[in-house]
Structure formats: structure tokens, C-alpha cells
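Architecture at a glance
Spelled out from the first residue to the last, the chains are:
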Amino acid sequence: PDHPLPRQSSVTLGDCAPFPLIIPGTDWLQHSGLSILIHENDLPPRVVARAERPGMLKALVRSGLGVAYLTAFGVERDIAEHKLAWTPLAPGIIKPAVISIVVPRGRLMPSYTSAFLDLLKREFESIRARPASDGKPLSRAADAKMRRGA
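If you're wondering where the values come from, they're calculated on a predicted model, not measured in any experiment. (Residues numbered from 1 in each chain as written. Predicted model: local features only at pLDDT ≥ 70, side-chain atom pairs only at ≥ 80, totals over all residues. Heavy atoms only, no water.)

Some points on the overall build of the protein
Broken down by element type, the protein carries seven helices and two strands. Overall, the protein shows an N-to-C arrangement of helices and strands of α-β-α-α-β-α-α-α-α. Across the 150 residues in the protein, those meeting the buried criterion constitute 23%. Long-range pairs, those at least 24 residues apart, make up 62% of the contacts in the protein between residues at least 6 apart in sequence. Of the roughly 11000 Å² of accessible surface on the protein, 58% is carried by carbon and sulfur atoms. (Helix = DSSP H or I, 4+ residues; strand = E, 2+ residues; numbered from the N terminus. Buried < 20%, exposed > 50% of the residue type's maximum accessible area, 1.4 Å probe, protein only. Contact = heavy atoms within 4.5 Å. Areas by Shrake-Rupley, 256 points an atom, 1.4 Å probe, with all protein chains shown as cover.)

This is the structure we're talking about:
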């Protein structure tokens, strides 16, 4: 975490350009927003490594080989343990992800499936309703405190 980028509240692609880049492997990259980001901005990234699995990508970043573009989802523990630092991209650089729930049409779902979908909808709504902050992921304690309304 001792790196110049986390000292900023958000970063631009230009801020990241001087650093070696660790990117997902070809299959993972094809299905990620990073592929669009790189191609739309004609970035000549200094790719020093590719990793097919998130754990390997994080390990390469922890080793100091380079930086990586990742969502905060999945790195919460690494951040809490000060193994990685996460800084959001500046607003407008990449479109927010859209998550959809897909269900079969015309079929009655079991009650446990309906209950699970209701839970997911509430969670997505609570995430959407969170107040804007510095873009950093909430700690589990802060998230729990927000959920209790404290």
C-alpha cells in the first residue's frame, strides 16, 4: 500500500500510465470493462504480466510488480489487512456495471427462490441508496453501522 496512487482520492488513466500494469488473461479481459477502457482510450499500457485468476492478479500486485485495475469487490480483506490499497477511477472514466437478475418467464418459482430474489433486490437498493463518499469501499464495520442507521 505504500504507493503514490492511494494518496489521491481518485485517479485518472494518466495518473496510472507511468506504472507497469498487470492485467487479466485474454478470456477474462474480453469480458471485462477494462478491455473497452484500454481500446477506447488507445492506451499503450506497459503490461508486465497477465493473470487468469483474481487471486494471482492480486498476488502479483502485492509483490510490487505493477498496478491493476480492479473493482473494490473481492479485495476488501486485502485492503482491511493493508496488503493492498484501492483508489477509485475518477468519475466518468468507465461506465458503472449493470447487474440484472434473470428469471425464467412463465414459471412459478419456489418460495425460497422468491425470498432470495427479494433479499437481492433489497441489497441492490441499499447499495444504490448509500451516500456518495470518497469512493473507497466501506469497511465491514462502517457498512454494518450504515445498515443499522447509526
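Points about the nonpolar core
The biggest cluster of nonpolar side chains holds eleven residues, and these are L5, V11, L13, C16, L21, I23, L29, L34, L37, V67 and Y69. Discounting chain neighbours no more than four positions away, the residues touching L29 are I23, P24, L34, S35 and R50. Counting five residues, the second largest nonpolar core, distinct from the first, contains I22, A51, L57 and L60. (Core = buried A, V, L, I, M, F, W, Y, C linked by side-chain atoms within 4.5 Å.)

Side note on unusual backbone geometry
Comment: phi is negative for the bulk of residues other than glycine, and the bulk of peptide bonds are trans. Of note in the backbone geometry, H82 takes a positive phi value of approximately 60° without being a glycine. Checked against the element boundaries, H82 lands in the loop between α5 (76–80) and α6 (111–129). With relative accessibility at 61%, the residue H82 sits in the exposed group.

Quick look at the confidence of the model for the protein
Put simply, the protein has an average pLDDT of 79, and 79% of its residues get 70 or more. Mean pLDDT across the elements of the protein bottoms out in helix α7 (residues 140–148) (44) and peaks in helix α4 (residues 54–62) (93). (pLDDT = per-residue confidence, 0-100.)

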